[in-house]
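Working through the structure, step by step
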Amino acid sequence: MIFWSILLMILWCWLNGTWDVANLAIGFALGYGILALLRQRGVIEKQEKFVLKPLQIFKALGLALYFFWELVVANIILAASLLKPKSKLKPAILAVPLDAKTDLEIVLTATLITLTPGTLSMHISEDRSTIYIHTLHVDDEAKAVAAIKNGFEARVLGVLR
Amino acid sequence: MMHWHYTLGAILMLLGSLFCLLGAIGLLKMPDLYCRMQSTAKGQTLGILLIMLGVAISFSDAVPSSRAFAVVLFLFITAPVGGQMVSRAAYMLGVKPDETTEIDRLKGEISTPSPATTDEHAH
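Note that the structure is a prediction, hence the values are computed from the model and not measured.

Attention now moves to the packing of helix H1 (residues 4–29) of chain B against helix H2 (residues 33–42) of chain B. Residues and elements named next belong to chain B. Here H1 crosses H2 at 165°, and the two axes come no closer than 8 Å. With respect to H2, the element H1 is oriented roughly antiparallel. Along this stretch, H1 crosses H2, giving a crossing that reads as left-handed. On the side of H1, the interface is formed by Gly23, Gly26, Leu27 and Leu28, while H2 contributes Arg36, Ser39 and Thr40. Class assignment of the residues belonging to the contact of H1 with H2 gives a composition of two nonpolar, four polar and one charged.

As structure tokens, this is what we get:
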């Protein structure tokens, strides 16, 4: 926890742009206080061992690049369909079976799906087996489901597992 | 081209605001709440990203750049949560998707109030 407080302190001073003793102390106190509060409320558990392997870092970079590529492409497609005078959207709410199991895997998958334009994750079933995704334009349901499954979910799992 | 980074930053900022504008047009043109949510909640993610990239490049300095990075980071963490929550809450309240939505796998999965008393179009 001291380690993370020091990290937050450095971040605080970095973003503030001043490195005097008073500011360092404020940064440390804030970081430590917030972390202590989060731990007391049970928001963060005891330190989990999360060690990134070198291969995972490369995969994470790949995921980031893939995400930005998708973001740009999806935005251009969306823009084109918006600017056409008579665009026919075919929205659908899809049910996509989830392979992601842990909280982190599910949250990361759902967030990345939501961040790309055209898809919005709406709901996750109680048994965590299915994610419901609102999609702006669907021609072929099976294809759309497969695209989501093999796109973000597969890559997220590739990074985290 | 003495101040090339100002030019590049300005181009990126303009491009970003163009995408933000498209998000706003989408908000007006989309047929139902869920499609509108797509436009508002995250249609601007690329727009803000480009604007902040433009800010970082035109300053070309570590402190404003890291602040711009923080803006993008927190937007990317918070914007999807809002979009998800609003659309989910709307579905639970019984807001019907537009009739062009042929496939609705969520139907019957969440309990919704039966009569269609809620109207998504606020006049």
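The next point concerns the domain arrangement of chain A. As assigned here, chain A comprises domain 1 (2–40) and domain 2 (54–160). Centre-to-centre separation of domain 1 of chain A and domain 2 of chain A, based on C-alpha positions: 35 Å.

An α-helical segment advances 3.6 residues per turn. Residues three or four places apart therefore align on the same side. Residue and element names in this part refer to chain A. The end-to-end C-alpha separation of helix H1 (residues 2–16) is 21 Å, in line with the 21 Å expected for 15 residues at 1.5 Å each. Of all the positions in H1, only Ser5, Met9 and Cys13 are classed as buried. One side of H1 holds all its buried residues, which, seen down the axis, span an arc of 70°. Those residues of H1 that are buried are in contact with helix H2 (21–40). After H1 finishes, the residue Gly17 shows a positive phi value of roughly 85°.

What follows concerns the interface of chain B and chain A. Listed per partner, the contact involves 36 residues of chain B and 41 residues of chain A. Broken down residue by residue, the surface that chain B buries against chain A is led by B:Gln38, B:Lys42 and B:Arg105, which jointly contribute 16%. Across the chain B-chain A interface, the total number found is zero salt bridges. Scanning the region where chain B abuts chain A turns up seven residue pairs in polar contact (both at pLDDT 80 or more). Those elements that provide at least two residues to the side of chain B that touches chain A are H1, H2, helix H3 (45–59) and helix H4 (62–92) of chain B. In terms of residue count, the dominant contributor to the side of chain B that touches chain A is H4(B) (eleven residues). By residue class, the composition of the side of chain B that touches chain A is 18 nonpolar, ten polar and eight charged.

On to the side chain of A:Ser125. Residues and elements named next belong to chain A. By the secondary structure assignment, Ser125 is in the loop between strand E2 (119–124) and strand E3 (130–135). A polar side-chain atom of Ser125 sits 2.8 Å from a polar atom in the side chain of Asp127. Setting aside chain neighbours within four positions, we find Ser125 in contact with Thr130 and Tyr132.

Turning next to the packing of helix H4 (residues 103–115) of chain A against helix H5 (residues 141–160) of chain A. When two helices pack together, their arrangement is given by the angle between their axes and by how far apart the axes lie. All names here are of chain A. Viewed as axis vectors pointing N to C, H4 and H5 meet at an angle of 140°, and their least axial separation amounts to 10 Å. Classified by the angle between their axes, H4 and H5 sit oblique to one another. In this structure, H4 crosses over H5, and the sense of that crossing is right-handed. Contact with H4, carried on its side by Leu104, Glu105, Leu108, Thr109, Leu112 and Ile113, involves Ile148, Phe152, Glu153, Val156, Leu157 and Leu160 of H5 and no other residues of that element. Looking at the contact of H4 with H5 residue by residue, the classes come out as nine nonpolar, one polar and two charged.

On the basis of which strands lie adjacent, the open sheet formed by three strands has the order E1-E3-E2 (chain A) and antiparallel pairing. Each end of this open sheet is capped by a strand with a single partner; those strands are strand E1 (92–97) and E2 of chain A. Going from strand to strand, the sheet's axes swing by 30° on average, the running direction of each strand aside. Both E2(A) and E3(A) contribute to a ladder of five bridges, which runs antiparallel. Its bridge partner being in E3(A), A:Leu120 is matched across the sheet by A:His134. H4(B) rests against E1 and E2 of chain A of the sheet, and its axis sits at about 60° to E2(A).

Parameters at a glance
- Residues numbered from 1 in each chain as written.
- Chains lettered and ligands numbered in written order.
- Predicted model: local features only at pLDDT ≥ 70, side-chain atom pairs only at ≥ 80, totals over all residues.
- Heavy atoms only, no water.
- Axes fitted to C-alpha atoms, helices over the stretch in contact; angles between N-to-C directions.
- Helix = DSSP H or I, 4+ residues; strand = E, 2+ residues; numbered from the N terminus.
- Parallel < 35°, antiparallel > 145°, perpendicular 65-115°, else oblique.
- Left-handed = near helix turned anticlockwise from the far one by under 90°.
- Contact = heavy atoms within 4.5 Å.
- Nonpolar A, V, L, I, M, F, W, Y, C, P; charged D, E, K, R; others polar.
- Domains from an automatic or database assignment.
- Expected span 1.5 Å × (residues − 1).
- Buried < 20%, exposed > 50% of the residue type's maximum accessible area, 1.4 Å probe, protein only.
- Arc of directions from axis to C-beta.
- Buried area = accessible area lost by both parts, 1.4 Å probe.
- Salt bridge = Lys/Arg side-chain N within 4 Å of Asp/Glu carboxyl O.
- Polar contact = N/O pair within 3.5 Å; in protein donor to acceptor, adjacent residues only side chain to side chain.
- Pairing = 2+ DSSP bridges.

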